[in-house]
Amino acid sequence: MKSHASSSTDLFANDSRRVKVLLPLPLAGAYDYRVPEGMDVAAGDFVTVPFGPRRMVGVVWSESGDSDLDESKVKEIESVFRMPPLPEANRKFVDWVSAYCLAPQGSVLRMGMSVSSVFEPVKPRIVYMLADNPPEIRMTAARSRVLALLQDGPARTAADLAQEAGVSSGVVKGLADGGVLQAVAIDPGSNWPQPDADCQGPALSALQQEASGQLVAKVRDKSFSVTLLDGVTGSGKTEVYYEAIAECLRQGRQALVMLPEIALSAQWLSRFEDRFGAAPAEWHSDLTGAKRRDTWKAVAQGKVKVLVGARSALHLPFPDLGLIVVDEEHDSSFKQEDGVIYHARDMSVVRGQGASCPVILASATPSLETVVNVQQGRYERLHLPERHGVAELPEIKLVDTLKDSPGRQRWISPPLVTALEETLARGEQAMLFLNRRGYAPLTLCDSCGHRMACPNCTSWLVEHRFSKRLECHHCGHVERKPDACPECGAEDSFRACGPGVERLAEEVSEILPDARLEMVTSDTLYGPAAAAAFVERVTSNETNLIIGTQIVAKGYHFPDLTLVGVIDADIGLAGGDLRASERTYQLLHQVAGRAGRHGKPGHVLIQTTNVENPVMQALAEGDRDGFLAAEAEMREMATMPPFGRLAGVIVSGLDERNVDDVTNMLARTAPYGEGILTLGPAPAPMALLRGRHRRRLLLKVDKGISIQKVLRAWLEPLKIPSNVRVQVDVDPYSFL
Ligand code: ADP
Ligand code: ZN
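Just so it is clear, the model here is predicted, and its values are computed rather than measured.

**Structural notes on the overall build of the protein chain**
Stage number 1. Scanning the protein chain from N- to C-terminus turns up 19 helices and 31 strands.
Stage number 2. Against the globule reference of 27 Å for 736 residues, the protein chain gives a C-alpha radius of gyration of 29 Å, in line with a compact fold.
Stage number 3. Taken over the C-alpha atoms alone, the protein chain extends approximately 90 × 85 × 65 Å along its principal axes.
Stage number 4. Considering only contacts within the protein chain whose residues lie at least 6 apart along the sequence, 75% involve residues at least 24 apart.
Stage number 5. As presented, the protein chain carries roughly 33100 Å² of accessible surface, and 51% of it is formed by carbon and sulfur atoms.
Stage number 6. In the protein chain, 80 positive and 93 negative side-chain charges are present, and the distance between their average locations comes to 4 Å.

In structure tokens form, the structure reads like this:
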């Protein structure tokens, strides 16, 4: 407590206690609040406090206040929630992420409290069961259907009963009024199916057993470690980490599995349920509000034992975390690019450290960051070099489209056409991969050369022919495709340049009119139900040719799929971003891994104009480690990550002049010195994004220097006008 507490002029001071409360707002830190007499609060408690004219829920961040604020200005805590406190590990995690990413603590806290309904009173749910001593009442067919349902099923809500029995809700009400049914109020969140640790998995191979044994031992150890589970696609990584989850369940602790794009991994969920007898809890942006609230609470109460989620799951209040698995750890969707900019794979390691639990990073194409961490002894590595059982890795061939040209306005080369025909003739399935949604990435006027561009972004509009629209894939801007060129007025003068999946589908239906074709993109596969239906159509062979973007590149396991064709392998190499080669290798390797997963040999044809490129060579020769070694050498020479540190500083705003003023101020004060270099400012490659003007600076420091310290010394003294935003991106993955 500060000295003013003893000041004799301060009437409130005597025994009033102060604590610090952090609010989920982008503010500098926690604020002092007074604890009213008789109120019992401790660090981590959720409390309601007045904030300006509002009341807000915050978290007690430390048990002593220290601001110099006059006692009379310090407001009082209104109430404490009777729920488990935010665990200490979570609070430390908030502080850590905030310091590492240079983000306000409150913004980080908000990621774990984004479910405001958690703090609202819950209405109990009313369910109906058979009454113990039912009176005689008149029976009808509808009534007996309801009673039959309840004879051998669990209690259900009136709405569920009515729907399942095919009766109106009045029938249920009539039975309840007549005393035949008995109403019971239950806590809506109380019923969580529990995965069973003792359900048997498949018998593991010797290598798998060796790996799983080590992971199980780590879970038993209850201490922090990071292990790379490095195995080719189909080697059984999932089966192996399931054993670690089973051990975590036997310990009665909670396991968190992080997946990229969880909403779409219907196959993962049903596979988990087959293995453990109950589905895991889920956490991702598609959950309904009620489900989010119930899940959040059940996690906090320790009722959820296994949760699978996208990156935001990291912020949930697990009281007893015993294991974290990050599957497809190399996936760039683990990097959150807006709000608090952080990498969920890296932060899961921090989370594991705070919870003293093992972290498993699984991948067939681990990131260079992780590989270097293994080489330098910070992470351990378990290796599964072979596909399970009879499945072999597919054979990968390059097709030089400069020689084997598909022809004008065509995208499928002759060798790929032949392979498609042969595959479908054998009754097997094929997948064509092209990482571009829509019909064509560029629409050009043939008479004046005008290109249709987004009004809000530095980007071309993509034609979507199904919906007859032009779309910006950056901001979502949509317009009808005009009949005449807006520049010169020429009619019917538009030409589509380059292929998107829609255009590819058009070509396939000409070449293979009998193929049962399905196009799969984020436009068509928008959620778990759509994903499950897609899986079903392929499994039942209703679909035998898939044309897809990266959405089909990962996770799916289709036994009869034996051919993968990559239409344009060079797309990701353009632009020259730091990780362009690494990412292209990972993506294409992953796509290739969809072929031949079940005994029938798989073939992959990669169309490229760059056959000599190291990425293409490494893919064709299956030389991942050679590729990684060469990549590491180049990065080390340039002291680029993971051998040096980077932070992007992005200045943006609606007014270009203000943005330039702030950028110039940043440039004038930019840090320099031994091992410190500031690159830029330059207009960002997307100089206009969602209507905002953008400039970039890039800070690069040697590995031994704290980049956060340098950033703080640079940015904290600056006065940034409120209409300009300065975002810091530590360890950037996007350079747009
Ligand atoms: P990964 O995660 O490495 O891609 P999976 O765990 O998905 O590999 O395994 C690929 C396929 O092989 C799955 O269908 C899986 O059930 C099966 N499989 C892996 N190991 C075994 C095993 N020991 N016994 C039976 N099936 C296995
Ligand atoms: Zn746009």
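**Focus on the sheet that holds strand β2 (residues 31-35)**
Stage number 1. Reading across from one edge, β2-β1-β4-β3-β5 is the order of the five strands in this open sheet, with antiparallel pairing throughout. Single-partner strands in this sheet number two, and they are β2 and β5 (79-80).
Stage number 2. Relative to β2, strand β1 (residues 17-22) is paired through five bridges, and the arrangement is antiparallel. Paired with Val-19 across the two strands is Tyr-33, which belongs to β2.
Stage number 3. Of the strands in this sheet, β1 and β4 (54-62) touch helix α1 (residues 88-101), which is tilted by about 95° from β4.

**Here's the deal with the nonpolar core**
Stage number 1. Core analysis: the biggest nonpolar cluster contains 77 residues, and Phe-46, Trp-296, Leu-307, Leu-711 and Trp-714 have the highest contact counts within it.
Stage number 2. Contact partners of Trp-714, with chain neighbours within four places excluded, come to Val-649, Leu-666, Thr-669, Ala-670, Pro-671, Thr-678, Leu-697 and Leu-699.
Stage number 3. One finds Leu-525, Val-552, Phe-558 and Leu-619 within the second-largest nonpolar core, a separate group that totals 33 residues.

**Observations concerning the coordination of the zinc ion (ligand 2)**
In a perfect tetrahedron of four donors around a metal, the angles come out at 109.5 degrees. In a perfect octahedron of six, they are 90 or 180 degrees.
Stage number 1. The coordination sphere of the zinc ion (ligand 2), as far as protein atoms go, consists of Cys-454 (SG), Cys-457 (SG), Cys-472 (SG) and Cys-475 (SG), spread over 2.2 to 2.4 Å.
Stage number 2. Coordination at the zinc ion (ligand 2) comes from four donor atoms whose angles at the metal span 105 to 115°, giving a geometry best classed as tetrahedral.
Stage number 3. Written as a sequence motif, the donor arrangement for the zinc ion (ligand 2) is C-x2-C-x14-C-x2-C. Each member of the pair, Cys-454 as well as Cys-457, carries the same accessibility label: buried.

**Observations regarding the side chain of Arg-275**
Stage number 1. Relative to the helices and strands, Arg-275 resides in helix α8 (residues 266-276).
Stage number 2. Residue class for Arg-275 comes out buried when judged on its relative accessible area of 7%.
Stage number 3. A polar atom in the side chain of Arg-275 sits 2.9 Å from the side chain of Glu-243.
Stage number 4. Excluding anything up to four places from it in sequence, Arg-275 contacts Cys-199, Gln-200, Gly-201, Tyr-242, Glu-243 and Ala-246.

**Overview of the site of ligand 1**
Stage number 1. Near ligand 1 you find 17 residues, and of these Gln-208, Gly-234, Lys-237, Thr-238 and Arg-271 are the closest.
Stage number 2. Gly-234 is positioned such that a nitrogen or oxygen atom in its backbone is 2.8 Å from an oxygen atom of ligand 1.
Stage number 3. Between ligand 1 and Lys-237, the relevant distance is 2.8 Å, taken from an oxygen atom to a side-chain nitrogen or oxygen of the residue.
Stage number 4. Protein chains shield 79% of the accessible area of ligand 1, which is 560 Å² for the free molecule.
Stage number 5. Sorting elements by how many residues they give to the shell around ligand 1 places helix α7 (residues 237-250) first, with three residues.
Stage number 6. Grouping the amino acids of the shell around ligand 1 by side-chain chemistry returns four nonpolar, nine polar and four charged.

**Quick notes on the packing of helix α11 (residues 368-375) against helix α17 (residues 624-637)**
Stage number 1. Following both chains from N to C, one finds α11 and α17 inclined at 90°, their axes separated by 11 Å at the closest point. Between α11 and α17, the angle is such that the two are roughly perpendicular. Of the residues in α17, those touching α11 at Leu-368, Glu-369 and Val-371 are Leu-628, Glu-631, Ala-632 and Arg-635.

**What about the domain arrangement of the protein chain?**
Stage number 1. Domains assigned within the protein chain are domain 1 (11-89 + 113-119), domain 2 (125-186), domain 3 (206-384), domain 4 (395-436 + 499-632), domain 5 (439-498) and domain 6 (644-730).
Stage number 2. Look at where the C-alpha atoms of domain 2 and domain 3 centre, and you get two points 42 Å apart.

**A closer look at the packing of aromatic side chains**
Stage number 1. The full count for this structure, using the stated rule, is 16 aromatic pairs.
Stage number 2. Their ring planes at 70° and their centres at 5.3 Å tell us that Phe-81 and Phe-119 sit as a pair that is edge-to-face. Taken as a pair, Phe-81 in the loop between β5 and α1 and Phe-119 in the loop between α2 (105-112) and β6 (125-130) lie far apart in primary sequence, 38 residues in all. Each member of the pair Phe-81 and Phe-119 is classed as buried.
Stage number 3. Ring centres of Tyr-241 and Tyr-242 lie 5.8 Å apart, and the angle between their planes is 90°; on these two criteria the pair is classed as edge-to-face.
Stage number 4. A relative accessible area of 0% means that Tyr-241 is categorised as buried.
Stage number 5. Cluster of aromatic residues (ring-pair linked, three or more members): Tyr-241, Tyr-242, Trp-268, Phe-272 and Phe-276.
Stage number 6. It is Arg-351 that lies over the ring of Phe-93; its NZ or CZ is 5.7 Å from the centre.
Stage number 7. It is Arg-465 that lies over the ring of Tyr-439; its NZ or CZ is 3.7 Å from the centre.

**Regarding the pattern of salt bridges**
Stage number 1. Scanning the entire structure with this criterion turns up 40 salt bridges.
Stage number 2. The shortest N-O distance in the salt bridge between Arg-426 and Glu-428 comes to 3.2 Å.
Stage number 3. By sharing partners, the salt bridges in this structure join Asp-198, Arg-220, Glu-247 and Arg-250 into a single network.

**So, α11**
Stage number 1. Counting buried positions along α11 gives seven out of eight residues, so the element sits mostly inside the fold.
Stage number 2. Listing the buried residues of α11 in full gives Leu-368, Glu-369, Thr-370, Val-371, Val-372, Asn-373 and Val-374.
Stage number 3. Packing partners of the buried residues in α11 comprise β8 (225-231), α10 (344-355), β15 (358-363), β16 (380-384), α15 (580-592) and α17.
Stage number 4. A positive phi of about 85° marks Gly-377, the residue just after α11.

**Details of the side chain of Glu-518**
Stage number 1. Assignment of secondary structure puts Glu-518 in strand β24 (residues 517-520).
Stage number 2. Within the structure, the side chain of Glu-518 is placed 2.6 Å from the side chain of Arg-537, a separation counted as a polar contact.
Stage number 3. Looking at Glu-518, its side chain comes within polar contact range of the side chain of Thr-543, at 2.7 Å.

**A word on the environment of Thr-458**
Stage number 1. Structurally, the position occupied by Thr-458 is in the loop between β19 (442-445) and β20 (462-464).
Stage number 2. The exposure class assigned to Thr-458 is partly exposed, which follows from its relative accessible area of 40%.
Stage number 3. Polar contacts involving the side chain of Thr-458 include one to the main-chain amide nitrogen of Ala-687, which spans 3.2 Å.

How each quantity is defined
Residues numbered from 1 in each chain as written. Chains lettered and ligands numbered in written order. Predicted model: local features only at pLDDT ≥ 70, side-chain atom pairs only at ≥ 80, totals over all residues. Heavy atoms only, no water. Helix = DSSP H or I, 4+ residues; strand = E, 2+ residues; numbered from the N terminus. Rg over C-alpha atoms; globule rule 2.2 N^0.38 Å. Contact = heavy atoms within 4.5 Å. Areas by Shrake-Rupley, 256 points an atom, 1.4 Å probe, with all protein chains shown as cover. Lys, Arg positive; Asp, Glu negative; His and termini not counted. Charge placed at Lys NZ, Arg CZ, Asp CG, Glu CD. Pairing = 2+ DSSP bridges. Axes fitted to C-alpha atoms, helices over the stretch in contact; angles between N-to-C directions. Core = buried A, V, L, I, M, F, W, Y, C linked by side-chain atoms within 4.5 Å. Buried < 20%, exposed > 50% of the residue type's maximum accessible area, 1.4 Å probe, protein only. Donors = N, O, S within 2.8 Å, 3.2 Å for Na, K, Ca; no water. Tetrahedral: all angles 85-135°; square planar, octahedral: opposite > 155°, others 65-115°. Polar contact = N/O pair within 3.5 Å; in protein donor to acceptor, adjacent residues only side chain to side chain. Near = heavy atom within 4 Å. Nonpolar A, V, L, I, M, F, W, Y, C, P; charged D, E, K, R; others polar. Parallel < 35°, antiparallel > 145°, perpendicular 65-115°, else oblique. Domains from an automatic or database assignment. Phe/Tyr/Trp six-rings, centres within 6.5 Å; stacked < 30°, edge-to-face > 60°. Lys NZ or Arg CZ within 6 Å of the ring centre and 35° of its normal. Salt bridge = Lys/Arg side-chain N within 4 Å of Asp/Glu carboxyl O.

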